[in-house]
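# Overview (structure and organization)
Below are the chains, spelled out letter by letter.
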Amino acid sequence: MTERILLIEDNENNRYLVTFLLEAAGYEVVQAGDGPSGVALAARLQPALVLLDIQLPGMDGYAVARALKADAATAALPIVAVTSHAMAGDRGAALAAGCRGYLTKPIDPDTFVATVRRHLQGDFGGAEAS
Ligand code: MN
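### What about the sheet that holds strand β1 (residues 4–8)?
Strand order in the open sheet made by the 5 strands is β2-β1-β3-β4-β5, with parallel pairing throughout. Strands at the two margins of the open sheet, each flanked by one partner only, are β2 (28–32) and β5 (101–104). Each neighbouring strand pair of the sheet contributes to a mean axis angle of 20°, computed without reference to strand direction. Two elements, strand β4 (residues 79–83) and β5, share 4 bridges in a ladder whose sense is parallel. Of the residues in β5, the one forming a bridge with Thr83 is Thr104. In the packing of helix α3 (residues 61–70) onto the sheet, contacts are made with β1, β3 (49–53) and β4, and the angle to β3 comes to roughly 150°.

What follows is the structure in structure tokens.
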């Protein structure tokens, strides 16, 4: 069965790159360009993983993660935060908001899919690697 990944990301270039890499690896990718539509899609589609940009306009990634965790329909979905700000506090804030792991941008095409695969398999030990 093809695993479906929900990508919540406002940057078109990042959406393109992530989708290209994951589809080439055999995953199905559904895109959301903002937080509210991402939350709605997560409930409807029940993806195997949510890749969540933290720097979103309006409803940011932390708020999206909290909303997903607060709704019984989406509380169990694994969320991996993706952020370009490799600041020390970001990882803790993402985990506190309910994310299981953390990836940093820029996306490394050589390692990205393997890292996503580890998260899909529930191995969050490599959460800081990208
Ligand atoms: Mn962004």
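### Things to note about the confidence of the model for the protein chain
When the pLDDT values of the protein chain are averaged, the result is 91; 91% of them are 70 or greater. Ignoring residues within four places in sequence, the model shows residues 126–130, a span with pLDDT below 50, making 18 contacts including any to other chains.

### Overview of the pattern of salt bridges
Tallying each qualifying case throughout the model produces 3 salt bridges. In this structure, Asp53 engages Lys105 in a salt bridge whose closest nitrogen and oxygen atoms are separated by 3.0 Å. Placement of Asp53 in strand β3 and of Lys105 in the loop between β5 and α5 (112–120) is noted, with a sequence separation of 52 residues between them. Like Asp53, the residue Lys105 is buried in the burial classification. Shared partners join several salt bridges into a network, and the residues in it are Glu9, Asp53 and Lys105.

Rules of the game
Residues numbered from 1 in each chain as written. Predicted model: local features only at pLDDT ≥ 70, side-chain atom pairs only at ≥ 80, totals over all residues. Heavy atoms only, no water. Pairing = 2+ DSSP bridges. Helix = DSSP H or I, 4+ residues; strand = E, 2+ residues; numbered from the N terminus. Axes fitted to C-alpha atoms, helices over the stretch in contact; angles between N-to-C directions. Contact = heavy atoms within 4.5 Å. pLDDT = per-residue confidence, 0-100. Salt bridge = Lys/Arg side-chain N within 4 Å of Asp/Glu carboxyl O. Buried < 20%, exposed > 50% of the residue type's maximum accessible area, 1.4 Å probe, protein only.

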